[in-house]
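Each chain, letter by letter, is given below.
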Amino acid sequence: MKILGIETSCDETAAAVVADGHRMLSNVVSSSLDLHTAYGGVVPEIAARSHIEVITPVIEQALVDAEIGWEDIDAIAVTQGPGLVGSLLIGVLTARTLAIAKNKPLIPVNHVLAHTYANFITSTSLPGYSLSPGTPRFPALGLIVSGGHSQLMLYKSNKDYNILGQTRDDAVGEAFDKVAKILGLPYPGGPSVDKAAAKGDPKAIKLPKAKLDNPYDFSFSGLKTAVLRAAQQLAGKDYTFPSHELPAILTDRQKHDLAASFQQTAIDTLAEAVVKAEIEFSPGSILLAGGVAANQSLRSELADRLKVPLLCPDIKLCTDNAAMIGAAAYFMEAPPTDPFKLEVIPSL
Ligand code: KG4
Ligand code: ZN
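Residues numbered from 1 in each chain as written. Chains lettered and ligands numbered in written order. Predicted model: local features only at pLDDT ≥ 70, side-chain atom pairs only at ≥ 80, totals over all residues. Heavy atoms only, no water.

1. Quick look at the overall build of the protein chain
Right, so step 1: Within the protein chain, the regular secondary structure consists of 12 helices and 11 strands.
Right, so step 2: A globule of 348 residues ought to have a C-alpha radius of gyration of about 20 Å, and the protein chain, at 20 Å, matches this closely.
Right, so step 3: Projected onto the principal axes, the alpha-carbon positions of the protein chain cover approximately 65 × 45 × 35 Å.
Right, so step 4: Going through the 348 residues of the protein chain one by one, you find that 55% of them count as buried.
Right, so step 5: Expressed as a percentage of contacts within the protein chain between residues at least 6 apart in sequence, the contacts between residues at least 24 apart total 72%.
Right, so step 6: Working note: accessible area of the protein chain is about 14,900 Å², and carbon and sulfur atoms make up 53% of it.
Right, so step 7: Within the protein chain, one finds 29 positive and 37 negative side-chain charges whose respective centroids are separated by 5 Å. (Helix = DSSP H or I, 4+ residues; strand = E, 2+ residues; numbered from the N terminus. Rg over C-alpha atoms; globule rule 2.2 N^0.38 Å. Buried < 20%, exposed > 50% of the residue type's maximum accessible area, 1.4 Å probe, protein only. Contact = heavy atoms within 4.5 Å. Areas by Shrake-Rupley, 256 points an atom, 1.4 Å probe, with all protein chains shown as cover. Lys, Arg positive; Asp, Glu negative; His and termini not counted. Charge placed at Lys NZ, Arg CZ, Asp CG, Glu CD.)

Right, here's the structure in full:
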């Protein structure tokens, strides 16, 4: 069964063809990231306009790369939410139109759950991918860490899953992005902080870890504020000093140490929750997913601390893509929906 996946929840316009949920025939991603860099974050209107401009060629390219025609597509899967309303609308309206015009079943997919399914893509003939060798085993724990979400999921099967915990405030990727801003590092912040952290001492600055009633919930807003206070202190200023003036006074050494200490604390927080869940639920696999899963220190720290195999998608499948949408639609067996009625759900 060949599914065409379409993803437009944030700033990536993506289309991919996935066969039987695990074989990736194509994976096309066009990002409007460059257009947002000047603003230090995704501008919803710019993202939506960019989706309109590129979605048709992106879908056409996904079919060309997969070397198939419309007659070979068995279903269309599309991200229904969560995400930016204007961005989601372009993907959903395109998918609805195609489903009607080409007479294909239309399957709505939850973007956050779909991130985990990047780990189910185990084969491709596309060049430049290094895929997890093993197929995930249930029950599975899923740690989904991105710019919009930090969730720990327990999957008993593809259809039976629940959220063990999630962030009470900022997502971990959001915290990386905000810390990058405090340190004057370029957007997107995750990769910049990751790079700066490699040159710093993770023990240089002691930062707090949030303690919550549910041991599987996260909170990263206090950590981000603690980084700001530590930065002000290192710069010899008090808490009223404006954060946008800090990058000019902090030394490179101080920035590297702040980045390393922040990253280590964030990783420790995530790892402690996953280790606890591993003991409580005895999973067969642990699945890492989402943009922050691109962080090598997070991967190696988790792999070191866990007993069960940790599966990580190829870096290109960690950030937003449509192959995960095609894979999720196949395995989760979500029923097709009426293409005349499908609505976006930004807060899904
Ligand atoms: O999954 P994703 O592409 O989009 C969302 O659905 O949010 O995740 C993007 C997030 C951003 O916050 C970005 O800063 C973060 O993933 N990220 C990283 C790294 N690469 C991307 N965070 C930490 N380390 C990285 N190497
Ligand atoms: Zn995402």
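2. A few points about a nonpolar patch on the surface
Right, so step 1: Taken together, the side chains of V85, L89 and L93 present a nonpolar region at the surface, about 240 Å² in accessible area.
Right, so step 2: With respect to the element layout, V85 can be found in helix α3 (residues 85–102). (Patch = residues over 30% accessible without salt bridge, like charges linked within 9 Å, V, L, I, M, F, W, Y side chains within 5 Å. Salt bridge = Lys/Arg side-chain N within 4 Å of Asp/Glu carboxyl O.)

3. A look at the coordination of the zinc ion (ligand 2)
Right, so step 1: The protein atoms that coordinate the zinc ion (ligand 2) are H111 (NE2), H115 (NE2) and D320 (OD), at distances of 2.0 to 2.2 Å.
Right, so step 2: Considering all 4 donor atoms around the zinc ion (ligand 2), the spread of angles at the metal, 95 to 144°, places the coordination shape in the irregular class.
Right, so step 3: Counting residues between consecutive donors of the zinc ion (ligand 2) along the chain gives the motif H-x3-H-x204-D. Of this pair, H111 sits in helix α4 (residues 111–116) while D320 is found in the loop between α11 (315–318) and α12 (323–332), placing the two residues 209 residues apart along the sequence. (Donors = N, O, S within 2.8 Å, 3.2 Å for Na, K, Ca; no water. Tetrahedral: all angles 85-135°; square planar, octahedral: opposite > 155°, others 65-115°.)

4. Digging into the site of ligand 1
Right, so step 1: Around ligand 1 lies a shell of 19 residues, among which G147, D177, G190, D194 and N295 are the nearest.
Right, so step 2: Contact between ligand 1 and G147: an oxygen atom at 2.8 Å from a main-chain N or O atom of the residue.
Right, so step 3: One of the backbone nitrogen or oxygen atoms of G291 is found 3.0 Å away from an oxygen atom of ligand 1.
Right, so step 4: By residue class, the composition of the shell around ligand 1 is 5 nonpolar, 11 polar and 3 charged. (Near = heavy atom within 4 Å. Polar contact = N/O pair within 3.5 Å; in protein donor to acceptor, adjacent residues only side chain to side chain. Nonpolar A, V, L, I, M, F, W, Y, C, P; charged D, E, K, R; others polar.)

5. Points about the pairing of strand β5 (residues 106–110)
Right, so step 1: Extensive coverage of β5 is indicated by the burial of 4 of its 5 residues.
Right, so step 2: Strand direction decides the pairing type here: strand β4 (residues 75–81) and β5, joined by 5 bridges, are parallel. Opposite V78, over in β5, you have P108 as the bridge partner.
Right, so step 3: Remark: the β4/α3/β5 crossover connection has right-handed handedness. (Pairing = 2+ DSSP bridges. Right-handed = clockwise from strand over helix to strand, strands pointing away.)

6. Considering the sheet that holds strand β10 (residues 285–289)
Right, so step 1: The sheet built from 5 strands is open, its strands ordered β9-β8-β7-β10-β11 with mixed pairing. The outermost strands of the open sheet, each flanked by one partner alone, are β9 (161–166) and β11 (310–311).
Right, so step 2: Lying over the sheet, helix α9 (residues 252–281) contacts β7 (140–145), β8 (150–155), β9 and β10, oriented at roughly 165° with respect to β7. (Axes fitted to C-alpha atoms, helices over the stretch in contact; angles between N-to-C directions.)

7. Regarding the nonpolar core
Right, so step 1: One finds L143, F262, L288 and L302 to be the most contacted residues of the largest nonpolar core, which totals 53 residues.
Right, so step 2: Secondary structure elements with two or more residues in this core: β7, β8, α5 (172–183), α6 (189–197), α7 (221–234), α9, β10 and α10 (296–305).
Right, so step 3: Not counting residues up to four positions away in its chain, the partners in contact with L288 are N119, L143, V145, A293, L298, R299, L302, L310, L311, C312 and P313.
Right, so step 4: In this structure, I107, L113, L317 and A329 belong to the second largest nonpolar core, which totals 34 residues. (Core = buried A, V, L, I, M, F, W, Y, C linked by side-chain atoms within 4.5 Å.)

8. Focus on the packing of aromatic side chains
Right, so step 1: Scanning all chains against the criterion turns up 10 aromatic pairs.
Right, so step 2: Ring centres 6.1 Å apart and planes at 85° place the aromatic pair Y117 and Y155 in the edge-to-face group. With Y117 in the loop between α4 and β6 (123–124) and Y155 in strand β8, this pair connects stretches of sequence that are 38 residues apart. Pair check on accessibility: Y117 and Y155 agree, each one buried. (Phe/Tyr/Trp six-rings, centres within 6.5 Å; stacked < 30°, edge-to-face > 60°.)

9. Side note on the domain arrangement of the protein chain
Many authors give the size of an interface as the accessible area that is lost as the parts come together.
Right, so step 1: Here the protein chain is partitioned into domain 1 (2–132 + 316–331) and domain 2 (140–312).
Right, so step 2: Opposite the 17 residues of domain 1 that make contact, domain 2 presents 21 residues.
Right, so step 3: Around 1,700 Å² of area is buried between domain 1 and domain 2 when both sides are counted, 65% of it from carbon and sulfur atoms.
Right, so step 4: Inspection of the domain 1/domain 2 interface yields 0 salt bridges.
Right, so step 5: Of all elements in the fold, only α1 (33–37) and α4 reach the threshold of two or more residues within the side of domain 1 that touches domain 2.
Right, so step 6: Tallied by class, residues from the side of domain 1 that touches domain 2 come to 9 nonpolar, 8 polar and no charged. (Domains from an automatic or database assignment. Buried area = accessible area lost by both parts, 1.4 Å probe.)

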